[in-house]
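# Examining the three-dimensional arrangement
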Amino acid sequence: MKTINVVINGIPVQLERPMNIVEAAKRVGIHVPHFCYHKELTIYAGCRICMVEVKGKPRPVAGCSTIMSDGMEVFTESEKVIAARKGVLELQLLHHPLDCPVCDKGGECALQDYAFKYGAAQTRFIENKRLIPVNYNNPLLERNMERCVSCKRCVRICAEIQGDWVLSDMNRGSRVTMESFCGDESECVHCGHCLSNCPVGAIQSRLYKHVGRPWYVDTEAETICPYCADGCTMTLQTREDKVLRVVSDETYSKGANRGSLCVRGRFGYDFPNSNERLTTPLVKKDGYFVESNWDEAVAHVAKRLSEIKSAAGPDAIGAVIGGRNTNEEAYLLQKFMRTAVGTNNIDNMARMGHINALNALEAAFGVAGSTNQIKDIAQAKAVLLIGNDAATENPITGLAIKKAVLKGGAKLIVADAGRNMMTKHSSQRLTYRAGSEGELVMGLINAVFATNMHDADLEAKNTSVFDKVRAKAGKYTPAYVSEKTGIPAEDIKRAATVFANAKPATIVFGKGITATADGFGKSLALADLAFITGNVGKPGGGINPMASKAGEQGACDVGALPDRLPGYRKVSSAEDRKRLGGLWKSELPENPGMTVGEMVEAAGAGKLQAMYVVGANLAYELPDTKNTVEYLKKLKFLVVHDIFMSETAQLADVVFPAATFAEKSGTFTNSERRVQRIAPAMKLQGGARPDGEIIAAVSAKMGRPMDWEPAVVMEKISVSTPIYAGITYDTLAGGGVQWPYYEEMKSGTAVLHAEGVTGRADNTDAGVGEGAALAGKVFPFVADITVSLYHSGTTTRRTRGPNMVVGKALAGMNPSDASGLGIADGDTVVVRSSTGELRLPASIDKAVPSGVVHIPAHFADVCAGTITGLVLDPAGKTPVARYWPVAVTKA
Amino acid sequence: MIKLSDKTIAAIEENATRYPDRNSVLMFGLWKAQEELGHLSPEAIEAVAEAVRVPRAKAQGVATYHSLYWKKPVGENVIMLCTNVACTLMGAETILEHIENRLGIKEGHTTPDGKFTLQEVECIGSCGYGPAMVINETFYFDLTINKIDDILAKL
């Protein structure tokens, strides 16, 4: 394409593609004032403040809607322009209240800045100010429409990026207000896009109301959201070591999320400030916790672990790291267990599901990670979203899928056994019977082959793999699958046709697949589906497994697994043990260790005597709460690191107060293999210390000193973990890196297997099992135990924002099921299973399929583990607890 | 929740075939619903949004933008009198006062018997023939007080 030569304020500019005047001016550091323009939104050209002068044109033109052409000469601050701009400001200020002293936007307000710059405070009009009451319809926001400049950015971002279209501009002219339908905000998901995009103070956070000013912030840190595994870049602002608020990237360019956040990230920020934080090490004496000090507590832990190790052997000790710990901490813990303790009994909470996806992708393609990147999904022409509610579990991935649908016209197939909030964007919804996920995927593969829609060229090169997959899928005819899943055969064929004919097409899946029986085989079947349709190795194609928590992928990557060393090297490989043992100057144990579920069972059987739990709330997160607690109590010694007195910490012999993500450095690896740095925004609270420092202290006391400073640990990881080779804190500056990193290209890998798949030789025969019906006569319902958009466990229970929207657990039920049982909205129901019962209010929700009860997994008083049992899947040893048969009655 | 009649739904569907984008039917749908229901209550707007398959907030935004969509119940005859510059110069204010006195209501209101609603409107494109007004779908111009009395008496 020919370059375009233009001149802006006398500065020559070369543009490699056509763009508007505002963007072109940005190239040479010139800011053209604007309210309504936003680079990610459609052009509205309604605010008229971006008027600029173009040589040869009689009138000023709007800088946002005028595309630069060759030879154009523009003046953004000429006399004529300034006069026009003053005129617009004068009209804006006609109605805008002069309440800057009490407006939270003061100091970062576009209108204030422009009025300050151009000085249009005097008006020639005599007109009354608009009087519009402040709108409190939204639990997290207040809308002050007197301050609105009618730029409609909130309306457009809600519709175009968030895809929810909750707001609209009601009425017109000077009476226009940005409102939801009759003030009903029930469709709002509280992402705060409107808040972050309001150029003035018309939309404000109720959490941040009169909390601070931009110049009040003393520390600002660009960091990564600690909640889900989308790994969003955000900025924490603090003052005097308290988090003030979270702000998102205004340039809409950084990280995986590119400026977007969801309610958890944007409003769930105040748990580090909580006065429930643990502040000092606690040691249990005679059944009561006694405050201790670091030296004493560390020495006590080292002594007890050493005693148990010499009395019962190293394999009597196990360790688990939670989903919110950094890569460095997971690395230190596994190294501590393998060297200082001498066992492979180390696991992380990706065992709750994600590990099945990683094992399957490794078996299929040779790399244990998502094949593509999140933003790529927007390029897909078809998306199969299965067993994952991207709108609530991984909202930023959800945005990429919505972008594919809204901007790219992609077809979205939503397959789920339960409620799925992405359904409204779908072109097809497949509601399968819980447990029959595998049959559905096999059915899709069968249908693809049956109509020859598979990639024939690829088949020619991979005949044996294709033959194997074809044979495996042979029995899953549409009729058979229809009987098993409850989906009409025609729908299965239609979905297969849509998916196979779209190029590229991608798959997004999560715990609805991985945390069920045969999660490994089902994940593998999805990998096969991506492969036979020729989507692997293509931007916008591939297969994207969704981890639940920020640290899950990374903990697996760096070897916090009982059968894998850092970089997924097998414990059983003598060569890898030798290589690592050389680096760590230690002989590494050769027997694979226990997974978290096995550890708890072994604790119950008395075989495991001590556990070291870092940031995992086992007594809450694992299924079968009653037995889990019972078993953990049988341990001779339990050490827990946590930020709060969690259910597990209460059972511990020693509790160490840990630092939150806001107080420490480190890295998280998100679902798309992107390693990203977190940075401290405040000093350590109370007596808390980073988990890595605590682990290193215990290790040193046991005779194996370790460096714990995160930057140093990452250098060690890059040596010991082949997939992290070349990754240091320097290479991670500026948005992180998707492993593997290539030094010569100074870049990570956005799309794996672009050169073709190499790992298929290791193909496995794992099947998808028999999706036996879960619901029966005694327990006619299936509980769909899953996350809510507003919560994620111990942390969000201590945040104000999410609790202002959803403060208690509700059992979501289909209207027909509820009326059949005489249950009305808000009635207390008893959800009973073979292991226990829960009592909670019902929420009548037509998005919940009939026969399913939607149970949120993270409220203190309603613990979902009460109604599940500990059943470990044979392949991945993952607890099978996503769906559980229950009976529901009115209390 | 209001259900639109099959006839209105059919009209919306028929109209939808004329445009490449279904959003384009929204204004027509609102108009048809108003014809059927008399005015556009929030429930009616919601029903149209569902029929046209657009977000309900968007439908309400469009309905509240245009003054010819009645958001409140109106009388049998809606008097829309222009009070812009040209008509006012020709005496629209006197006409308005006269109608208000005759009907015993203020602008923006409906008579207790539900027969008339009186509304001031912006320019109706008849500056050469002012004062001008529209009642229902009939246009009246060169208005005088006598002429108004004649017109209203016949309705």
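Residues numbered from 1 in each chain as written. Chains lettered and ligands numbered in written order. Predicted model: local features only at pLDDT ≥ 70, side-chain atom pairs only at ≥ 80, totals over all residues. Heavy atoms only, no water.

Bringing the domain arrangement of chain A into the picture now. Along its sequence, chain A is organised into domain 1 (4-77), domain 2 (282-353 + 551-724), domain 3 (354-545) and domain 4 (781-890). Here the C-alpha centroids of domain 1 of chain A and domain 3 of chain A sit 44 Å apart. (Domains from an automatic or database assignment.)

All names here are of chain A. Scanning the entire structure with this criterion turns up 14 aromatic pairs over all chains. Look at F449 and F466: their rings are 6.2 Å apart centre to centre, the planes differ by 75 degrees, and that puts the pair in the edge-to-face class. Taken together, the positions of F449 in helix 11 (residues 437-450) and F466 in helix 13 (residues 463-473) put the pair 17 residues apart, joining distant regions of the chain. Since its relative accessible area comes to 7%, F449 is described here as buried. Taken together, the aromatic side chains of F365, F449, F466 and F531 make up a single cluster linked through ring pairs. The lysine or arginine in question, R239, covers the ring of Y216, its NZ or CZ lying 3.9 Å from the ring centre. The positively charged end of R798 is found above the aromatic ring belonging to F644, 4.3 Å away from the centroid. (Phe/Tyr/Trp six-rings, centres within 6.5 Å; stacked < 30°, edge-to-face > 60°. Helix = DSSP H or I, 4+ residues; strand = E, 2+ residues; numbered from the N terminus. Buried < 20%, exposed > 50% of the residue type's maximum accessible area, 1.4 Å probe, protein only. Lys NZ or Arg CZ within 6 Å of the ring centre and 35° of its normal.)

Let us look at the interface of chain A and chain B. Every contact between the two is made by 14 residues of chain A and, on the other side, 12 residues of chain B. Counting the surface lost from both chain A and chain B, the interface buries some 1200 Å², and carbon and sulfur atoms represent 59% of this. There are 2 salt bridges connecting chain A and chain B. For B:R56, the salt bridge identified is with A:E187, shortest N-O distance 3.3 Å. Inspection of the chain A/chain B interface yields 6 residue pairs in polar contact (both at pLDDT 80 or more). Take the side of chain A that touches chain B: its biggest share by element is 4 residues, from strand 7 (residues 167-170) of chain A. (Contact = heavy atoms within 4.5 Å. Buried area = accessible area lost by both parts, 1.4 Å probe. Salt bridge = Lys/Arg side-chain N within 4 Å of Asp/Glu carboxyl O. Polar contact = N/O pair within 3.5 Å; in protein donor to acceptor, adjacent residues only side chain to side chain.)

Residue and element names in this part refer to chain A. The geometry of helix 14 (residues 478-485) relative to helix 15 (residues 489-501) is characterised by a closest axis approach of 8 Å and an angle of 115 degrees between their N-to-C directions. Judged by the angle between their axes, helix 14 and helix 15 are roughly perpendicular. In the packing of helix 14 onto helix 15, the handedness of the crossing is right-handed. Two secondary-structure elements touch here, helix 14 through P478, A479, V481, S482 and T485 and helix 15 through A489, I492 and K493. Looking at the contact of helix 14 with helix 15, its residues break down into 5 nonpolar, 2 polar and 1 charged. (Axes fitted to C-alpha atoms, helices over the stretch in contact; angles between N-to-C directions. Parallel < 35°, antiparallel > 145°, perpendicular 65-115°, else oblique. Left-handed = near helix turned anticlockwise from the far one by under 90°. Nonpolar A, V, L, I, M, F, W, Y, C, P; charged D, E, K, R; others polar.)

Moving on: the sheet that holds strand 5 (residues 73-75) of chain A. All names here are of chain A. In spatial order, the strands read 2-1-5-3-4; together these 5 strands make up an open sheet with mixed pairing. For this open sheet the edge positions go to strand 2 (11-15) and strand 4 (61-62), each flanked by a neighbour on one side alone. Where strand 1 (residues 4-8) meets strand 5, 2 bridges bridge the pair, whose relative direction is parallel. What sits directly across from I8, in strand 5, is V74. Across the sheet, helix 2 (residues 79-95) is in contact with strand 3 (51-54) and strand 5; its angle to strand 3 comes to roughly 155 degrees. (Pairing = 2+ DSSP bridges.)

A word on unusual backbone geometry. All names here are of chain A. With an omega dihedral of -5 degrees, the bond running from K503 to P504 counts as a cis peptide bond. Along the polypeptide, P504 turns up in the loop between helix 15 and strand 20 (505-509). Cis geometry marks the peptide bond from W739 to P740; its omega dihedral reads -5 degrees. Secondary-structure assignment places P740 in the loop between strand 29 (737-738) and strand 30 (781-786). Residues other than glycine seldom take positive phi values, yet Y568 does so here, at roughly 60 degrees. You can see Y568 is positioned in the loop between strand 22 (564-565) and strand 23 (569-570). A residue is classified by how much of its surface remains accessible, and Y568, at 7% relative accessible area, is buried.

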